[in-house]
Every structure is written in C-alpha cells, then in structure tokens.
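So the chains spell out like this:
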Amino acid sequence: MTPKPARGAAIRMADVARAVGVSAMTVSRAFKGDESVNPQTRDRILRKAEELGYVFDARAANLRQNRTGFVAVTVPALNSANFAETVRALTEGLAREGLQILLANTEYDPVEEEAAIAQLLRRKPEAVVLTGGQHTPRTRQMLAASGLPIVQLWDLPENPLNHVVGFSNAASIGLLVEHLVARGRRRIGFLGGDSERDPRGRQRRAGFVAAMARHGLGADRLAPLGEPPIAMAAGAQALDALLARYPDTDAVIGVSDLVAFGALAECQRRGIEVPGALALAGFGNYEIGAVCAPRLTTVDVHAGRIGAEAAMLVAGLLNGQAAHPPRRVVLPPELIIRETTPALR
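Just so it is clear, the model here is predicted, and its values are computed rather than measured. (Residues numbered from 1 in each chain as written. Predicted model: local features only at pLDDT ≥ 70, side-chain atom pairs only at ≥ 80, totals over all residues. Heavy atoms only, no water.)

## Some remarks on the nonpolar core
Under the convention used in this document: The definition of a nonpolar core used throughout is a set of buried Ala, Val, Leu, Ile, Met, Phe, Trp, Tyr and Cys residues joined through side-chain atoms within 4.5 Å. In this scheme, a residue with accessible area under 20% of its type's maximum is buried, one over 50% is exposed, and one in between is partly exposed, where area comes from a 1.4 Å probe on protein chains only. Working definition: helices are DSSP H or I runs of at least four residues, strands are E runs of at least two. Numbering for both runs from the N terminus. Any two residues having at least one pair of non-hydrogen atoms within 4.5 Å are treated as being in contact.
Grouped together as the largest cluster of nonpolar side chains are 64 residues, with contacts concentrated most on Val-165, Leu-191, Phe-208, Ile-253 and Leu-280. The biggest single contributor to this core is helix H13 (residues 303-318), with 7 residues. With residues up to four places along the chain from it excluded, the contact list for Val-165 reads Val-151, Gln-152, Leu-153, Trp-154, Asp-155, Ile-306, Glu-309, Ala-310, Leu-313, Val-329 and Leu-331.

Quick look at the structure:
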C-alpha cells in the first residue's frame, strides 16, 4: 500500500508523486496540462490528488519559474463601454492561457499613468498592455528598461514602444465625412477633440479637418467639449454653442456616440428634425446608438476584437514567438449607417 501523509499534515506535491509513483515534476506538468504527460498518467495523478485532498498552487509554481501569471493593463476610463469591451475580450483571451490581468485606471492623465506603471512594474508582470500611444518620457523609459513585451491599443502611434493593435482614428472620422458629403451635406460641424488629455479625440478632429479639406469644404465648425471623460450633457451643450454660432449647420459629427446622443437629445428638445434639418453621426458603436430613436449612424472600431487580438499577441510572445520586428496589427473601422443620416439620393 502507498503510505499516506501523517494525519493533520499538509498534502504536498511530493505526496501525490509518491502515491502515483512518478516525479514531482510530472505532477506539476500534469496540472499544467503539459502534453509531455500522457493522458492516462495525468488522469491517475488528478484522481490521486483529489483522493488525498491536494490543491495545486499555480501561483507558487509560477513564482518558482520566475513567473507571476499576470499582465499589467492600463485604460483611460473604466466607465467607457468601448474600453470595457476591450478589457473583457483581453481578459477572456488571456485567461485561456492561464494569465490574469492587473488593471489600472489612468483617468486620461499621462502623469497618473506614469505612477500606475511604476506600481505595476514592481509586481513583476509578464507583459504590459497600454491603451493609447501618448506617454510621459519616464513611462517610456521605465517600460523600455523592463524588457517586457509591450502592446499599445487603440492608436497607431508613429513611435510605438513595441507592439501595436489599433486603428486610425483619423480615417474612421473620414468615413463619416465621406458618407455625409455623399448625401449632400456641406456645412458639417464636429463636437469635441479639443483636449490635450485625449489624443484619440484630437486624432478624430484632425481626421475631420483633413477630410473636409479634401472636398474643399471649411472645417471651422468646431465645438469644444472640455476635459474627458465626457458626459452626454456635454454633447447637448456643444451643439447648442455650435448652432448659436453657425445656425445653418446641416450635419454634425460627435467625437463619440455619447456626445452625438447628447446632441440628438438637444435636437429633440429644440424641435430640430433629424436627419432632415440636421444629420447626426457618432463614433464607437455604443449600445445606446443602436436603441435610441432615431438610431445613430456611427463607426464601429470593434473594441472587443482589439482586446482579443491583443490577447493572442501577448500569449504568442510569452510562448516564445518571434518578437522582431514588432507586430503592428491594424484593424479597419466599419461605417454603420442608421437613421440619423439621410438616405442616398
């Protein structure tokens, strides 16, 4: 008979190994699903472990291998549905690889992100995933010195830290301008994109200006929103200010769907017909845009896919896939045409 540990003693991996007649390393590999352990042996190990009441400590095993089992992640705002969807897909993808995330909310503040990165790196993550491409010099220095895989999301930075999974914010807004111009709208305004703390918003506004210029149209109908995160009420206020200055405006693009929804609510309060008198479009394909009346034309950047692609990239890098040259995954935006913009003539 296989000797059992003394009553009251903690069950160890060595006890399971002795009971099955294999090495402790084989037990460890069996719990990790290592293919070097044949299925029959793995089943014997797991049954014996259950019989003895042994619980595999994955965290301790990772520490012995100089692994922590987590990936550091930063997002600008936890209350953003789009960023939340990216984090959800990223979390699910990493979980399939036995990895968890440690999440930091930066509130759109590069200095706050710098402090968060310093704290996260002290916890020895296996990789770092950052939302955006704008970082302080010290953040860039810390990340470069860490030697870790770095993945930047949601932007296509000109000078990336390492790997990138993102899309062109400017080109995304360009799709909306092309759509509105094709429907006869020429006096188009843009709400937002004025904050230094929101580089993606600035990129969208720059994309609006560039797209209008391509059609020989003026792009001076710009209404500020202030510092992010931006509430729906700011969209209503910005539309009110824009129409006070440019009452002949015939279309408006919001820096996000939330802003555009606020503008839509203001139109309804003022009795402005949408899309007859004023066409409206947003950005991000938020759920609210699909259920409001009329439903909101927007751009879908597939926030969940960004997270899923990032998870696959991180997993590959940690499993030894080549890291040079750095990967640059560019996801094309999708124009979603709904009821707040007119039908093609």
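## A short note on the packing of aromatic side chains
The test is simple: Pairing of aromatic rings covers Phe, Tyr and the six-membered ring of Trp, with a centre-to-centre limit of 6.5 Å; geometry is then stacked below 30 degrees between planes, edge-to-face above 60, and tilted otherwise.
Applying the stated criterion to the full structure yields 5 aromatic pairs. Ring centres of Phe-190 and Phe-208 lie 5.4 Å apart, and the angle between their planes is 25°; on these two criteria the pair is classed as stacked. Taken together, the residues span a long stretch of sequence, with Phe-190 in strand E6 (residues 188-191) and Phe-208 in helix H9 (residues 199-214) at a distance of 18 residues. The residues Phe-190 and Phe-208 share a single accessibility class, namely buried.

## Brief notes about the sheet that holds E6
Applied cut-off: Each pair of strands is called paired provided DSSP finds at least two bridges between the two strands. Between N-to-C directions, angles span 0 to 180 degrees; the directions come from axes that are lines fitted to C-alpha atoms, helices contributing only their stretch in contact.
Strands sit in the order E7-E6-E8-E9 across an open sheet of 4 strands; the sheet is parallel. Looking along the sheet, the strands with just one partner apiece sit at the ends: strand E7 (222-223) and strand E9 (279-281). Here H9 sits on the sheet and contacts E6, E7 and strand E8 (251-254); the angle it forms with E6, its principal contact strand, is near 170°. Of the strands in this sheet, E6, E7 and E8 are in contact with helix H10 (residues 232-245), which crosses E6 at around 140°.

## Remarks on the pairing of E8
Put simply, the rule reads: Clockwise travel from the first strand over the helix to the second, with the strands pointing away from the viewer, marks a crossover as right-handed.
Side chains of E8 alternate between two faces, with Ala-251 and Ile-253 and Val-252 and Gly-254 buried alike. The sheet contact formed by E6 and E8 spans 4 bridges and is parallel. Counted as the bridge partner of Ile-188 is Ala-251 from E8. Sheet analysis places E8 next to E9, joined by 3 bridges and oriented parallel. If you follow Ile-253 over to E9, its bridge partner there is Ala-281. Since E8 and E9 lie parallel, the crossover through helix H11 (residues 257-270) that links them has a hand, and here it is right-handed.

## Describing unusual backbone geometry
Along the chain, Pro-228 connects to Pro-229 via a cis peptide bond; the corresponding omega equals 0°. In this chain, Val-274 is followed by Pro-275 through a cis amide linkage whose omega measures 10°. Secondary-structure assignment places Pro-275 in the loop between H11 and E9. In this model, Glu-107 sits at a positive phi of 55°, which is unusual for a non-glycine residue. In this fold, Glu-107 is placed in the loop between strand E2 (100-105) and helix H6 (110-122). Overall, the relative accessible area of 38% leaves Glu-107 in the partly exposed class. For Tyr-108, which is not glycine, the phi torsion reads 60° and is therefore positive. By the secondary structure assignment, Tyr-108 is in the loop between E2 and H6. For Tyr-108, a relative accessible area of 13% puts it in the buried group.

## A word on the packing of helix H8 (residues 169-182) against H9
Stated formally: Roughly parallel covers angles under 35 degrees, roughly antiparallel covers those over 145, roughly perpendicular covers 65 to 115, and oblique covers all other angles. Note: crossing handedness is left-handed where the near helix turns anticlockwise from the far helix by less than a right angle, and right-handed where it turns clockwise. Under the grouping applied here, Gly and all other residues not named as nonpolar or charged are polar, the nonpolar ones being Ala, Val, Leu, Ile, Met, Phe, Trp, Tyr, Cys and Pro and the charged ones Asp, Glu, Lys and Arg.
One can describe the packing of H8 onto H9 by two numbers: an axis separation of 7 Å at closest approach and a directional angle of 45°. What the angle tells us is that H8 and H9 run oblique. Regarding H8 and H9, the two cross each other, and that crossing is right-handed. Contacts from Asn-169, Ala-170, Ile-173, Gly-174, Val-177 and Glu-178 in H8 reach Arg-200, Gln-203, Arg-204, Gly-207, Phe-208, Ala-211, Met-212 and Arg-214 in H9. Its residues assigned to classes, the contact of H8 with H9 comprises 6 nonpolar, 4 polar and 4 charged.

## Re H10
Using the following cut-off: Between the first and last residue of a helix there are one fewer steps than residues, each counted as 1.5 Å, and that sum is the expected span.
If you check H10, its first and last C-alpha atoms are 21 Å apart, about what 14 residues at 1.5 Å a residue would give, namely 20 Å. Looking at H10, one finds that the buried residues are Ala-234, Gly-235, Ala-236, Ala-238, Leu-239, Leu-242 and Leu-243. Where H10 is buried, its residues contact E6, E7, E8 and H11.

## A look at H13
In a regular helix each residue adds 1.5 Å, so 16 residues correspond to 22 Å; H13 covers 23 Å between its end C-alpha atoms and thus fits that length. For H13, a buried count of 12 out of 16 residues is recorded, marking the element as mostly surrounded by other parts of the structure. Taken residue by residue, H13 has Ala-303, Gly-304, Ile-306, Gly-307, Glu-309, Ala-310, Ala-311, Leu-313, Val-314, Ala-315, Gly-316 and Leu-317 as its buried positions. On its buried side, H13 packs onto strand E1 (70-75), helix H5 (81-95), strand E3 (128-131), strand E4 (150-153), strand E5 (163-166) and strand E11 (328-330). The positive-phi residue at the C-terminal boundary of H13 is Gly-320, with phi of around 95°.

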